[in-house]
Number of protein chains: 2
Amino acid sequence: MILEPELTWTGARFERGVQIAIENGVITDVGQLGHNDAQKLKRRALLPGFISAHSHAFQRALRGKGETFPEGAGSFWSWREAMYALVQQLDADRFYDAVRATFAEMLAAGITTVGEFHYLHHSPGGNDHLFDEIVLRAAKDAGIRMVLLLTYYKTGGIGQPLAPAQQRFSTQSLPDFWRQVDRLDADHLGIAAHSIRGVPLDEIAPLYDEARKRGMVMHMHVEEQRREIDECRTAYGAMPLQLLNERLSSCEGFTAVHATHSDPEEMGRFLDRGGNVCITPLTEGNLGDGIPDLSALRAPSLGTDSNARISMIEEMRWLEYGQRWKSETRGVFRGAAPLLQAATANGARSLGIDAGAIEKGKLADFVAIDLDARAIRDVDESQLLEGLVFGGGDDVVAEVWVSGRPARRTSSSGGKPPR
Amino acid sequence: MILEPELTWTGARFERGVQIAIENGVITDVGQLGHNDAQKLKRRALLPGFISAHSHAFQRALRGKGETFPEGAGSFWSWREAMYALVQQLDADRFYDAVRATFAEMLAAGITTVGEFHYLHHSPGGNDHLFDEIVLRAAKDAGIRMVLLLTYYKTGGIGQPLAPAQQRFSTQSLPDFWRQVDRLDADHLGIAAHSIRGVPLDEIAPLYDEARKRGMVMHMHVEEQRREIDECRTAYGAMPLQLLNERLSSCEGFTAVHATHSDPEEMGRFLDRGGNVCITPLTEGNLGDGIPDLSALRAPSLGTDSNARISMIEEMRWLEYGQRWKSETRGVFRGAAPLLQAATANGARSLGIDAGAIEKGKLADFVAIDLDARAIRDVDESQLLEGLVFGGGDDVVAEVWVSGRPARRTSSSGGKPPR
């Protein structure tokens with residue numbers, strides 16, 4: 001198959017007349033190929049599909065919940081109570097419906113790959129890992145590419161047993177965990193350690209070493225909330241990122257999610273050792289985490305995290321705006337191209353997949369932008385990406401391809417046909 | 001005319017079966033009226049139309065511009081240079097097209113009233129106030145309700161003459177300014193003093209007194225950028241808000257726009273004296289202004305300001321998220337209802353119009369939300385507003401009424417018929 005969009009993002013700019021050859025879901029050639037049988041995509045600008053590198057799909061079912069504050073202010077921790085209450089309600093069917101709806105909404109917003117940081121493993125009262133199978137099935141049914149980050153979760157706090165509400169997240173031994181990894185039939189599989197709260201320090205490095213041996217990526221929630229950092233300092237005498245820098249044999253293939261309160265110097269060390277950082281602006285805003293200091297960071301990935309709102313365009317914009325607010329300067333990430341990279345190539349690196357760019361050899365995952373969309377139709381072609389990132393909404397997304405196949409996708413307004 | 005939406009926002013919650021009677025563009029009755037000839041709005045939730053209390057419509061033509069940073073960081077002031085360069089290009093026709101496109105995009109996003117803080121008065125090289133007429137015509141042609149805030153702009157900085165790029169903003173005498181106010185044929189007219197940079201301190205109180213005498217509101221940019229505050233301190237020995245508190249006979253009908261770096265105590269005094277504050281999160285994020293301390297403020301209005309992006313739903317969300325980021329707590333505005341009020345009733349108060357609520361006697365300006373929209377269709381009715389404010393995009397907006405008449409409105413994706 002040959003696609004020929006009106007405009008194609010080739011990494012640094014939009015180009016006209018570019019053809020993209022696709023075989024078996026992979027881009028086999030890109031350029032002025034001169035094919036006569038290309039499928040022309042009129043009034044479309046083609047971007048690499050967006051990549052949400054950090055998601056808890058089931059949490060979308062919380063949308064609108066936990067947002068009233070009769071007592072005044074709430075916190076991350078009171079929100080977590082609402083999330084645990086949701087978990088109580090999720091049996092297998094409701095879980096499937098919830099995560100499938102999330103994946104469908106992601107596709108509608110141009111997200112072609114999701115990194116699913118999956119810790120809700122078990123049926124109510126069980127220890128069956130049934131929900132690992134369900135999330136795999138839901139992604140397949142929805143037609144989204146999912147990197148399942150199977151999550152190790154052992155403690156309810158540092159040195160604490162799991163609370164009753166956390167029992168369904170439980171993984172209690174490394175050998176059992178790896179057996180479950182082996183059991184799963186997934187196209188893309190990685191692992192996660194939930195957090196310094198959820199995993200004993202001594203088990204983090206062994207998890208990482210085994211993941212590296214298997215060529216898998218590993219993710220971990222790091223330094224999102226001050227309370228967990230204080231508890232970590234008390235227990236281990238250092239902040240989580242410092243512990244990772246000291247304990248991990250390297251940080252290649254490791255993604256620290258959030259890094260909201262991280263020390264810039266420690267983050268620099270982590271990045272120098274090959275680590276990745278994932279930021280989730282909409283969720284970190286919703287949860288009142290704070291704005292990270294990203295002065296040392298130039299290539300974060302982005303995640304929709306709690307999925308309270310699903311919009312990678314809004315995530316890109318507010319990644320930059322948060323930094324502008326904090327620094328009182330403009331152009332912290334130096335423009336729209338690095339932000340698009342955060343939403344595409346950086347996510348691919350974080351998830352260990354060959355995607356995130358319209359280049360030979362990459363997975364054929366695309367999002368097509370409607371050049372007639374009101375928000376951008378009168379923006380100069382030379383500033384189209386800037387207009388899109390800073391001025392667009394998800395209604396600019398016209399079509400989506402995963403592995404070269406058009407995604408089964410309905411418009412954002414219910415059951416009406418795709419626009 | 002009688003409307004009967006499936007759900008109607010009656011101020012504190014959504015109610016079913018409510019009918020709204022409308023005559024001559026005004027709501028004459030609301031409740032379980034029992035009319036048989038009501039126009040049913042199936043699968044629609046009706047809200048008061050959104051009110052953007054602070055806009056510079058022409059700046060939308062900057063969308064995508066001024067967002068590249070070859071030298072590293074930019075600033076508000078480098079952005080202002082890009083804006084002045086745009087002004088150079090705007091003759092009468094281009095200005096009309098630019099502002100009309102803005103107003104059309106606002107309607108598509110559910111904005112029924114705009115407070116247009118209008119300072120680009122003159123044709124290139126002229127002193128003709130032609131652009132005042134054009135902005136009035138464009139709003140009328142687009143079908144949006146506009147409160148024209150005719151802006152007094154005399155100095156290029158405190159004690160400085162206007163720069164060449166500012167000549168087309170020029171108003172040089174109070175009597176001439178009021179003659180121009182009298183000359184304009186507008187349904188809703190107010191005034192603005194541009195800023196402490198643009199108006200000599202001694203002329204601000206006289207402007208306010210005359211506005212009050214005429215029953216007009218007055219707006220002013222206040223404490224957006226640290227540099228203007230420093231310059232004000234140097235020149236006048238105090239910050240702008242303190243000067244207003246000292247000099248104005250009252251603050252009723254006065255709106256301070258931004259208040260980004262305001263002292264909370266001074267803001268408390270300003271509010272106690274009847275003042276309003278307007279916040280513009282998307283623009284203040286884009287310009288790197290900083291996050292205001294709104295701990296003393298519970299009823300801000302919202303504005304789309306530079307219109308780099310037009311979305312009141314996103315403005316509502318990020319008004320709250322900015323405060324969550326800053327305070328590291330959740331629920332600073334105590335939920336979605338106060339945020340909706342910021343986007344409706346508080347804007348109406350700031351602009352001096354009887355709108356912003358679905359109540360007897362208010363202007364019949366509405367926005368209808370599509371209950372089948374993907375982002376909200378599975379949210380519980382009791383949490384619908386929260387789902388909308390924190391989870392929705394503008395594609396939830398289905399129809400819009402201004403003065404009881406459906407707005408001439410096309411969908412966000414170009415020339416296709418309304419959804």
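The paragraphs below set out a description of the structure included in this document. Just so we're clear, the structure is a prediction, and the values are computed from it rather than from any experiment.

### What to know about the relation of the copies chain A and chain B
Placing chain A over chain B gives an RMSD of 0.0 Å and needs a rotation angle of 180 degrees, together with 0.0 Å of translation along the axis. This pairing of chains is accounted for by a two-fold axis. By C-alpha distance to the rotation axis, the residue of chain A lying nearest is Asp 395 of chain A, at 3.2 Å. A share of 100% of interface residues in chain A that are also interface residues in chain B marks the association as one of identical surfaces.

### A short note on the interface of chain A and chain B
Facing 72 residues of chain A, the contacting portion of chain B comprises 72 residues. Among the residues chain A hides against chain B, the three largest losses belong to Trp 325, Arg 330 and Arg 374 of chain A. Together they make up 18% of the total. Summed over the shared surface of chain A and chain B, the result is 10 salt bridges. Of the charged contacts, one joins Glu 328 of chain A and Arg 226 of chain B as a salt bridge, the two residues approaching to 2.6 Å between their closest N and O atoms. Taken together, the connections running from chain A to chain B amount to 33 residue pairs in polar contact (both at pLDDT 80 or more). Of all elements in the fold, only helix H1 (76-89), helix H2 (92-108), helix H9 (281-286), helix H10 (312-327) and helix H13 (384-391) of chain A reach the threshold of two or more residues within the side of chain A that touches chain B. The element contributing the most residues to the side of chain A that touches chain B is H10 of chain A, with seven residues. Split into classes, the residues belonging to the side of chain A that touches chain B amount to 21 nonpolar, 26 polar and 25 charged.

### With respect to the sheet that holds strand S9 (residues 189-193) of chain B
All names here are of chain B. Pairing is parallel across the open sheet formed by eight strands, whose spatial order is S6-S7-S8-S9-S10-S11-S12-S13. One side of each edge strand has no neighbouring strand; the edge strands of this open sheet are strand S6 (50-55) and strand S13 (301-302). Of the pairings in the sheet, the one linking strand S12 (residues 276-279) to S13 comprises two bridges and is parallel in character. Counterpart to Ile 279 in the pairing with S13 is Leu 302. Contacts from helix H2 (residues 92-108) reach S6, strand S7 (111-118) and strand S8 (145-152) within the one sheet, and its direction differs from that of S7 by about 145 degrees.

### Describing the packing of helix H10 (residues 312-327) of chain B against helix H13 (residues 384-391) of chain B
Residue and element names in this part refer to chain B. At their nearest, the axes of H10 and H13 sit 7 Å apart, and the two run at 85 degrees to each other. By the angle class used here, H10 and H13 are roughly perpendicular. For the pair formed by H10 and H13, the contact residues are Ile 313, Met 316, Arg 317, Glu 320, Tyr 321 and Arg 324 on the first element and Leu 388, Val 389, Phe 390 and Gly 391 on the second. Partitioned by chemical class, the residues of the contact of H10 with H13 number six nonpolar, one polar and three charged.

### Digging into the pattern of salt bridges
Considering all chains together, one arrives at 60 salt bridges over all chains under this definition. The shortest N-O distance in the salt bridge between Arg 197 of chain A and Glu 228 of chain A comes to 2.9 Å. On the criterion of sequence distance, the pair formed by Arg 197 of chain A in the loop between strand S9 (189-193) and helix H5 (201-213) and Glu 228 of chain A in helix H6 (residues 226-236) is long-range, its members being 31 residues apart. As far as the burial class goes, Arg 197 of chain A and Glu 228 of chain A line up, both buried. Put simply, Arg 324 of chain B and Glu 320 of chain B hold a salt bridge, and the shortest N to O gap is 2.6 Å. In this pair, Arg 324 of chain B and Glu 320 of chain B both sit in helix H10, four residues apart, roughly one turn of the helix.

### Some remarks on the side chain of His 221 of chain B
Residue and element names in this part refer to chain B. Relative to the elements of secondary structure, His 221 occurs in strand S10 (residues 218-222). Separated by 3.3 Å, the side chains of His 221 and His 56 make a polar contact. A distance of 2.9 Å separates a polar atom in the side chain of His 221 from the backbone oxygen of His 194. His 221 has contacts with His 54, His 56, Phe 117, Ala 193, His 194, Ser 195, Ile 196, Val 257 and His 258, leaving out every residue within four places of it along the chain.

### A closer look at helix H6 (residues 226-236) of chain B
Residues and elements named next belong to chain B. For H6, the full list of buried residues reads Glu 228, Ile 229 and Cys 232. The buried side chains of H6 occupy one side of the element, clustering within an arc of 100 degrees when seen end-on. Those residues of H6 that are buried are in contact with helix H1 (76-89) and helix H7 (240-247).

### A few points about the sheet that holds strand S12 (residues 276-279) of chain A
Backbone hydrogen bonds are what pair the strands of a sheet, in a parallel or an antiparallel way. Residue and element names in this part refer to chain A. The eight strands lie next to each other as S6-S7-S8-S9-S10-S11-S12-S13, forming an open sheet whose pairing is parallel. Single-partner strands in this sheet number two, and they are strand S6 (50-55) and strand S13 (301-302). Alignment of strand S7 (residues 111-118) against strand S8 (residues 145-152), held across six bridges, turns out to be parallel. What sits directly across from Gly 115, in S8, is Val 147. The sheet strands contacting helix H3 (residues 130-142) are S7 and S8, and the helix crosses S8 at an angle near 165 degrees. Here helix H8 (residues 264-272) sits on the sheet and contacts strand S11 (254-258) and S12; the angle it forms with S12, its principal contact strand, is near 120 degrees.

### Digging into the state of the cysteines
All names here are of chain B. Per the stated rule, a full pass over the model turns up zero disulfides over all chains. Not part of a disulfide, Cys 232 finds its nearest cysteine sulfur in Cys 251, a span of 15 Å. Residue Cys 232 is classed as buried on the basis of its relative accessible area of 0%.

Procedures and definitions
Residues numbered from 1 in each chain as written. Chains lettered and ligands numbered in written order. Predicted model: local features only at pLDDT ≥ 70, side-chain atom pairs only at ≥ 80, totals over all residues. Heavy atoms only, no water. Least-squares fit on C-alpha atoms with pLDDT ≥ 70 in both. Contact = heavy atoms within 4.5 Å. Buried area = accessible area lost by both parts, 1.4 Å probe. Salt bridge = Lys/Arg side-chain N within 4 Å of Asp/Glu carboxyl O. Polar contact = N/O pair within 3.5 Å; in protein donor to acceptor, adjacent residues only side chain to side chain. Helix = DSSP H or I, 4+ residues; strand = E, 2+ residues; numbered from the N terminus. Nonpolar A, V, L, I, M, F, W, Y, C, P; charged D, E, K, R; others polar. Pairing = 2+ DSSP bridges. Axes fitted to C-alpha atoms, helices over the stretch in contact; angles between N-to-C directions. Parallel < 35°, antiparallel > 145°, perpendicular 65-115°, else oblique. Buried < 20%, exposed > 50% of the residue type's maximum accessible area, 1.4 Å probe, protein only. Arc of directions from axis to C-beta. Disulfide = S-S within 2.5 Å.

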